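# Topology and contacts: notes
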Amino acid sequence: MSIIRPSDSFIVKMNVKIDQSWKKEIEGEFEKPYFKELTDFVKSEYKKGRCYPPGHQIFAAFDLCKFQNVKVVIIGQDPYHGHHQANGLCFSVNDSIAHPPSLINIFKEIEDDIQKPYPQSGNLDHWAQQGVLLLNATLTVRAHQAGSHQNKGWEKFTDRIISLISKRKENIVFLLWGGFAKQKAKLIDASKHHILTSGHPSPLSANRGYWFGNKHFSKTNFLLQQAGLEPVEW
């Protein structure tokens, strides 16, 4: 793990960490005008009040999952905005933090799909370390204000990440849960990747029958094994 420091005018000066394997792939994005505006906004927000995740975890998805290891991509929308919840990985929370409703439903589906017992911790670091890129479309948020950092440039950056993975890699399993994530399908070359879609794991969607039973976790492992890759230990 290492710290990437683009030119001082473009970096969020918060000891941001990102694995070296991503550097040659995305460091050019840090020099673009939109990213300068984005980092100025984020720096200002973190100075004015509490924001999540902590600054050093903003790029945790890229720090824990090396570019060459990416084999599954899960796309979320926003970091959790409650106290100590967000850790830079979509749907994941820190150890000892109560599981949010969407994460509860994810674990319930895993329990039903592959008969893995419901876990104590909601920290998904171990997924990321196996090659699951847990990517929120927006990487930061103001405390207790969902969506507060949307449409400031993060989506342009993360769309670039999705397009880059689609272009540079093969046989990636993209898990698109809910309407927002499904819109990202247009960035993915379906001729060389796998796209699995379902409703969102939030209670509103899950309770209407759009989440449970999708079996995305066993299906993902089947597709990985078909491609000669190690399955994920969910």
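Here's a quick rundown of the structure. Starting afresh in each chain, residues are numbered from 1 along the sequence in its written order. Residue-level local features of this predicted model are given only where pLDDT is at least 70; pairs of side-chain atoms are given and counted only at 80 or more, and the full residue set underlies all totals for whole chains, interfaces and linings. Excluding hydrogens and water, the side-chain figures rest on all heavy atoms present in the structure.

## Things to note about the side chain of D19
Applied cut-off: Strands here mean DSSP runs of E at least two residues long; helices mean DSSP runs of H or I at least four residues long; both are numbered from the N terminus. Working definition: with a 1.4 Å probe on protein chains only, accessible area under 20% of the residue-type maximum means buried, over 50% means exposed, and in between means partly exposed. Counting of polar contacts relies on pairs of N or O atoms within 3.5 Å, with two restrictions inside protein: one atom must be capable of donating a hydrogen and the other of accepting it, and residues adjacent in sequence are counted only when both atoms are side-chain atoms.
Note on placement: D19 falls in the segment before α1 (23-26). Using a relative accessible area of 4% as the deciding quantity, one classes D19 as buried. Of note is the side chain of D19, whose polar atom sits 2.7 Å from the side chain of S21.

## Thoughts on the layout of surface pockets
Empty pockets left among the atoms are what a rolling probe the size of a water molecule brings to light. In plain terms, the rule: Method remark: on a 1 Å grid restricted to protein atoms, a set of points is classed as a cavity if a 1.4 Å probe fits but cannot get out and as a pocket if it is open with protein on both sides within 12 Å along at least five of seven lines; lining residues have an atom within 4 Å of a point. Grid points are joined across faces, edges and corners, and a volume is the space filled by probe spheres set on the points.
In this structure, the largest pocket occupies an estimated 420 Å³ of space. Taken together, 25 residues form the lining of the largest pocket, with Q77, D78, Y80, F91 and H200 sitting closest to its centre. Elements with a minimum of two residues in the lining of the largest pocket: β2 (72-76) and α7 (178-182). Here the lining of the largest pocket gets four residues from one element, more than from any other, and that element is α7.

## Topic: the side chain of S148
Applicable threshold: What makes two residues a contact is simply this: any of their non-hydrogen atoms within 4.5 Å.
By secondary structure assignment, the location of S148 is in the loop between β4 (141-142) and α6 (154-168). Residue class for S148 comes out buried when judged on its relative accessible area of 15%. Only 2.8 Å separates the side chain of S148 from the backbone nitrogen of R142, close enough to count as a polar contact. At 2.7 Å, the side chain of S148 forms a polar contact with the backbone oxygen of Q145. Ignoring sequence-local partners within four residues, the contact set of S148 consists of F41, V141 and R142.

## Some words on helix α9 (residues 216-226)
Operational definition: Directions are taken from the helix axis to each C-beta atom, and the arc is the one they span.
The complete set of buried residues in α9 reads H216, F217, T220, N221, L223 and L224. Along the axis of α9, the buried positions cluster into a sector of 160 degrees, meaning they face one direction only. Lining the buried residues of α9 we find β2, α4 (101-114), α5 (125-128), β5 (173-177) and β6 (194-198). Of the residues one or two after α9, G228 is the one with positive phi, at around 80 degrees.

## Focus: the sheet that holds β2
Applicable threshold: At least two bridges found by DSSP between two strands is the condition for calling them paired. Think of each axis as a best-fit line through the C-alpha atoms, taken over the contacting stretch in the case of a helix, with angles from 0 to 180 degrees between the N-to-C directions.
Taking strand neighbours across the sheet as the criterion, the four strands line up as β3-β2-β5-β6 in an open arrangement whose pairing is parallel. At either margin of the open sheet sits one strand with a lone partner, and together these are β3 (132-136) and β6. When strand polarity is set aside, the average angle formed by the axes of neighbouring strands in this sheet is 20 degrees. As paired elements, β2 and β3 share five bridges and run parallel to each other. In the strand pairing of β3, V73 is matched with L133.

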